[in-house]
Amino acid sequence: MNNLQRTFENPDMFDFRSFSHRLYIGGQWRQSSEDRLIEVIDPSTEAVIAAVPDATPADVADAVDAAATAAPGWRETAPRRRSEILRRCFELMIERSEMLAALISLENGKALRDARGEVAYAAEFFRWNAEEAVRISGEFCIAPSGANRIVVDYQPIGVCVLITPWNFPAAMATRKIAPALAAGCTVILKPASETPLTAYALAALYEEAGVPPGVVNVLTTSNPGPVTSAMLADPRVRKLSFTGSTGVGRILLAEAAKHVISCSMELGGNAPFIVFDDADLDAALDGAMIAKMRNAGEACTAANRLYVQAGIHDAFCEGLRKRMAALKVGAGTEAETECGPMITGKAVSKIDRLVKDAVRRGAKVLCGGSVTDDTGYFYPPTVLCDVPEDAELAHEEIFGPVAPISSFQDEAEVIRRANETEYGLAAYVYTSDLAKGMRVASKIETGMIAVNRGLMSDPAAPFGGVKQSGLGREGGQHHGIAEFMEAKYIAVTM
Ligand code: NAD
């Protein structure tokens, strides 16, 4: 019996099948108006595990109505009360963390240990924003002319549409919902149709925590373009917060521009992972395993290009090959799995194409490198070395367990190569010279960079990208909440 069966056979835990076939709108669990369904697939077995509703335009209108109706009450709810409800969401997520991790692992395929990490990270957005909800302050000063006082009041922006990807089904949602609710906004969440069950499971948890009806609404659709357009066309919607690919982000920015809607965009990445000769080799290898293999490489911050200085290059390649080849690949829900399947067969085909292209251009395969399993969307942990600069995977997100290594000679060269991308989300640098680490960090064109660390995500730090990796920040002191507020300036004569 695996962990998942154990979890769902425990009567204290709810069964995800109980909220199959239901949208969550205005505090009601209801069928879609046309009763169309989207099948949810277990990527480890390719079996259908559940079905969720495929929302229609009528459902969309209901969701906007529900969010708009709940907005005045939530906005007027005392910050302390909002904070307590958010805190309760955090506590319930921690209490239910095993069940949530099992559910994430089932529908996304990620290893249970990654899913547990995600639940802890996702819950933390509620704790952090419960603390922030009571610390929203304004500004007050004398106008330079002396004629009046300048008062700046921060107000909730209004009804928000939140769109999230499948790679972190819990965390990408709570990273938006928690600050939006702390700011006093109401929301409509559209999760990825590959991983909707976690979103609905969390909606049930928010309800239990005391989030009033209509404050959070969840709808799923197989047709996200028209559904999102319908929501953005409603003048009561004032905010779009999107996490996903740069391609879809561009489409949504254009759609939001028609209605001049405020946008926050967390988009794709192409993170360089730089190791200098003077780095601690074991620490760099540990960091590379985290930066590359958290979520089996399906992370926007995943190390996509590994640049290793010539003097340490061979030892690093051999060390990484050993570690990657030793990983246990299997169904995410099996306790011992370290690398689960990819999300879809299409994702596996993309990785396969990128690896074949790199090999054709001269890269050498140190381990992995070809699809082996017939059932399930698996791709083996793969290390490539001598990867040429023109390989497609140096310019596209791999989003899988492939570590492409190439060597470099000096600091100026690696900074130039690291910046040769339209993306600018995350980067990593390993060196024992902190001044060099800080110098490189300041010259790399990304929103985030980890120095001698393989992980940078933290609800207390501003997460986001520059260039085509996005607009705005999530998390951090003030940054995450600020995305859901408008500054109102009041001029007062005293
Ligand atoms: P995706 O862009 O295909 O989909 C993301 C979401 O957008 C899903 O909910 C999807 O249903 C929806 N969507 C797709 N087309 C749409 C349309 N025309 N209109 C409205 N919504 C639409 O991305 P994905 O494959 O789900 O996720 C992987 C991508 O997300 C990667 O590029 C990854 O880097 C990025 N990502 C970024 C961050 C970040 O914080 N910067 C975090 C996680 C993932």
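Residue indices follow the written sequence of each chain, beginning from 1 at its first position. Per-residue local features of the predicted model are confined to residues with pLDDT of at least 70, and side-chain atom pairs are confined, for both listing and counting, to 80 or more; whole-chain, interface and lining totals are unaffected and use all residues. With hydrogens and water stripped out, all remaining heavy atoms of the structure feed into the side-chain values.

A. Spatial organisation of the domain arrangement of the protein. Domain boundaries in the protein define domain 1 (3-267 + 470-492) and domain 2 (271-458). Domain start and stop points were drawn from an automatic or database domain assignment. Using C-alpha coordinates to define each centre, domain 1 is positioned 30 Å away from domain 2. The partner domain 2 presents 30 residues to the 28 residues of domain 1 that form the contact. Accessible area, probed at 1.4 Å, shrinks when two parts are joined; the buried area is that loss added up over both. Where domain 1 abuts domain 2, roughly 2,200 Å² becomes buried across the two surfaces, and 55% of that area is made up of carbon and sulfur atoms. In protein, a polar contact means a hydrogen-donor-capable atom and an acceptor-capable atom, both N or O and within 3.5 Å, with residues adjacent in sequence counting only if both atoms are side-chain atoms; elsewhere, any N or O pair within 3.5 Å suffices. Scanning the region where domain 1 abuts domain 2 turns up 10 residue pairs in polar contact (both at pLDDT 80 or more). Secondary structure elements follow DSSP: runs of H or I of four or more residues count as helices, runs of E of two or more count as strands, with numbering from the N terminus. Put simply, the parts of the chain that give the side of domain 1 that touches domain 2 at least two residues each are helix H1 (3-9), helix H4 (97-108), helix H5 (112-133) and helix H9 (246-259). In terms of residue count, H4 provides more of the side of domain 1 that touches domain 2 than any other element does, five residues in total. The contact criterion used is simple: two residues touch if any of their non-hydrogen atoms lie within 4.5 Å.

B. Geometry of the site of the ligand. Proximity is defined per residue: if any heavy atom of the residue lies within 4 Å of a molecule or strand, that residue is considered near it. Looking at the ligand, there are 28 residues lining it, with Thr 164, Arg 175, Ser 245, Leu 267 and Glu 397 nearest. Thr 164 is positioned with one of its backbone polar atoms (N or O) 2.7 Å from an oxygen atom of the ligand. For the ligand, an oxygen atom lies 2.5 Å from a polar atom in the side chain of Glu 397. Throughout, the Shrake-Rupley method with a 1.4 Å probe supplies accessible areas, and for residues the shown protein chains are the sole cover considered. If the ligand stood free it would expose 840 Å²; the protein chains cover 87% of that surface. Elements with a contribution of two residues or more to the shell around the ligand: helix H6 (171-183), helix H8 (224-232), strand S10 (237-243) and H9. Here the shell around the ligand is composed, by residue class, of 15 nonpolar, nine polar and four charged. Residue contributions to the shell around the ligand reach at least three from each of two domains, namely domain 1 (3-267 + 470-492) and domain 2 (271-458). Residue classes follow a fixed rule: Ala, Val, Leu, Ile, Met, Phe, Trp, Tyr, Cys and Pro count as nonpolar, while Asp, Glu, Lys and Arg count as charged, and any other residue, Gly among them, counts as polar.

C. Broad picture of the sheet that holds strand S15 (residues 382-385). A sheet is described by the order of its strands in space; here seven strands give the open sequence S14-S15-S16-S13-S12-S17-S18, paired in mixed fashion. Each end of this open sheet is capped by a strand with a single partner; those strands are strand S14 (364-367) and strand S18 (448-451). Strand-to-strand twist in this sheet, taken as the mean axis angle between neighbours without regard to direction, amounts to 20°. A strand pair is defined by DSSP finding two or more bridges across the two strands. For strand S13 (residues 303-309) and strand S16 (residues 402-408), the ladder comprises four bridges, and the chain directions are parallel. Paired with Val 308 across the two strands is Ser 407, which belongs to S16. Helix axes are fitted to C-alpha atoms over the stretch in contact, other axes to C-alpha atoms as well, and angles between N-to-C directions run from 0 to 180 degrees.

D. Focus on H4. Working rule for helices: expected span equals 1.5 Å times residues minus one. Between the first and last C-alpha of H4 there are 16 Å, a value that for 12 residues agrees with the 16 Å anticipated at 1.5 Å per step. Buried residues dominate H4, accounting for 10 of its 12 residues. Remark: exposure states derive from per-residue accessible area (1.4 Å probe, protein chains only) relative to the maximum for the residue type, with buried under 20%, exposed over 50%, and partly exposed in between. Within H4, the full set of buried residues consists of Met 99, Leu 100, Ala 101, Ala 102, Leu 103, Ile 104, Ser 105, Leu 106, Glu 107 and Asn 108. Remark: Gly 109 follows H4 within two positions and exhibits a positive phi of approximately 95°.

E. Spotlight on the nonpolar core. Residue types Ala, Val, Leu, Ile, Met, Phe, Trp, Tyr and Cys, when buried and joined through side-chain atoms within 4.5 Å, form a set referred to as a nonpolar core. Formed by 146 residues in total, the largest nonpolar core has its most connected members in Ile 177, Phe 273, Phe 316 and Leu 320. No other element matches the 10 residues that H5 contributes to this core. Mapping this core onto the domain boundaries places at least three of its residues in each of domain 1 (3-267 + 470-492) and domain 2 (271-458). Sequence-distant contacts of Leu 320, that is, excluding residues within four places in its chain, are made with Leu 285, Ala 288, Met 289, Leu 306, Val 383, Ala 403 and Ile 405. Counting residues in hydrophobic clusters, the runner-up holds 11 residues, among them Phe 276, Phe 408, Val 414 and Val 429.

F. Structural view of the sheet that holds strand S6 (residues 149-156). Read across the open sheet, the three strands follow the order S5-S6-S20; overall the sheet is antiparallel. The two strands at the open ends of the sheet, each matched to only one other strand, are strand S5 (139-142) and strand S20 (485-492). On average, each strand axis in the sheet is inclined to that of its neighbour by 20°, with strand direction left out of account. Note: S6 against S20, eight bridges, orientation antiparallel. Each bridged residue has a counterpart across the sheet, and for Val 152 the counterpart in S20 is Tyr 489.

G. Empty space enclosed by the protein, seen in detail. Space inside and on the surface of the protein is sampled on a 1 Å grid over the protein atoms alone, with a cavity defined as a set of points where a 1.4 Å probe fits but cannot get out and a pocket as an open set with protein on both sides within 12 Å along at least 5 of 7 lines; lining residues have an atom within 4 Å of a point. Grid points are joined across faces, edges and corners, and a volume is the space filled by probe spheres set on the points. A full pass over the atoms with the stated rule returns four cavities of 30 Å³ or more. One number sums up the size of the largest cavity: a volume of about 130 Å³. Around the largest cavity sit Arg 305, Tyr 307, Val 387, Pro 388, Glu 389, Leu 393, Ala 394, His 395, Pro 404, Ser 406, Arg 417 and Glu 420, which together line it. The class makeup of the residues in the lining of the largest cavity is six nonpolar, two polar and four charged.

H. How the structure looks around the pattern of salt bridges. The term salt bridge refers to a pairing of a side-chain nitrogen on Lys or Arg with a carboxyl oxygen on Asp or Glu at a separation within 4 Å. The tally for this structure, following the rule as stated, stands at 37 salt bridges. Across the pair Glu 483 and Lys 239 runs a salt bridge whose closest N-O atoms are separated by 3.8 Å. Residue Glu 483 is found in the loop between helix H15 (479-482) and S20, and its partner Lys 239 is found in strand S10; the two are separated by 244 residues along the sequence. Residues Glu 483 and Lys 239 agree in their burial class; the two are buried. Three or more residues joined by partner-sharing salt bridges are found here, namely Lys 350, Arg 353, Asp 357, Arg 360, Arg 361, Asp 390, Glu 392 and Glu 396.

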